[in-house]
Amino acid sequence: NAEVIGQYFYELTARLWRKGSAFRLSARAGKIVVPFGPDPLFHKNYGGLSAIDQRLLPVVWSSFGASLRADVLLRGFSLADDLYVVQGFDLSARDSTLNMQRDLQTYDGARVAVGDRLSLSRGPVTLWYSVFWNPMRFGRSLLMQAVDLTIWRPSWRVLNRLALGVGVLRAFVSADSSYGAPDTMPDAGAYYHFADYLWLRFYATNWLSLQARSGLMAFNNHEGFAYDSERAEATDSSHHNLALVAECAGAQFSLSYTWNFEKVGEYADDRLRFMVMYAF
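Turning our eyes to something else, we now look at unusual backbone geometry. In the Ramachandran plot, arginine 153 falls in the positive-phi region, its phi being about 45° despite a non-glycine side chain. Along the chain, arginine 153 turns up in the loop between strand 8 (141-152) and strand 9 (162-173). In this structure, alanine 249 takes a positive phi of about 50° despite not being glycine. The topology assignment puts alanine 249 in the loop between strand 12 (237-248) and strand 13 (251-262).

Size it by volume and the largest pocket reaches roughly 960 Å³. Elements with a minimum of two residues in the lining of the largest pocket: strand 8, strand 10 (191-203), strand 11 (208-221), strand 12, strand 13 and strand 14 (271-278). Across the lining of the largest pocket, the residue classes tally to 14 nonpolar, 12 polar and 8 charged. In terms of lining residues, the second largest pocket is bounded by 20 residues, among which Glu11, Thr13, Ser26, Arg28 and Arg69 are the most central. Sorting the residues of the lining of the second largest pocket by element identifies strand 2 (9-15), strand 3 (23-33) and strand 4 (62-74) as the ones contributing at least two each. It is strand 3 that provides the largest number of residues to the lining of the second largest pocket, a total of 5 residues. Looking at the lining of the second largest pocket residue by residue, the class counts come to 7 nonpolar, 4 polar and 9 charged.

Conventions used here
- Residues numbered from 1 in each chain as written.
- Predicted model: local features only at pLDDT ≥ 70, side-chain atom pairs only at ≥ 80, totals over all residues.
- Heavy atoms only, no water.
- Helix = DSSP H or I, 4+ residues; strand = E, 2+ residues; numbered from the N terminus.
- 1 Å grid on protein atoms, 1.4 Å probe; cavity = no way out; pocket = protein on both sides within 12 Å on 5 of 7 lines; lining within 4 Å.
- Points joined across faces, edges and corners; volume = space filled by probe spheres on them.
- Nonpolar A, V, L, I, M, F, W, Y, C, P; charged D, E, K, R; others polar.

Printed below as a string of structure tokens:
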């Protein structure tokens, strides 16, 4: 089969298993959606922002490459693994900071990246671990990792109205190996980008829900695991959202308010948004 959506990606898929088997294997090739995180199409929630508002990864992260997916059911557990090779990121200049929304490799000298996403689920609980490694020019490489957990409406009373998601992402860029001590060229040192999120959804009915979401994102950090206050810049921020969503016959109506707090140079960019979407 082949799918084409808005020219963002196209995938040719081959099924490699027999019907009735508990083990399934499939292969994809083309301009594939990179299987990273729990929602690879829009990469929702990292940094507390969703879909087109998301500022860390590409809004739709698709790249030329191929992937192999294995699924197995074992004693009530569902295990899936996506192994892939795609065209990755590259730095535009020796002293530039990697921008993962803008610096996807497009010219002929491809930077081949490899990655894997492993998921384990049982009942309403699913755990993902994603890793992505990408060698780049100027002696640098990108190692990006993410851990995500989703609990979707357990069957227990009261809790069956709740859904929860939490995740963390860290993208580490190695130091420039062409230079010796970092003191000789500070921009040649290693750095990392970080983002996390937490969302909680309450279903008043099957068609009406209230969701709260929060997250932090920070760029070009040198110290610590999540945030380096000495490297604070305007893009470092936290985001908090409250949304009321109603769904009916393929249509979705949402009313939301988002609070955006910048670490440096706080400005008035909070917003109230009403959206109408229809899936067909």
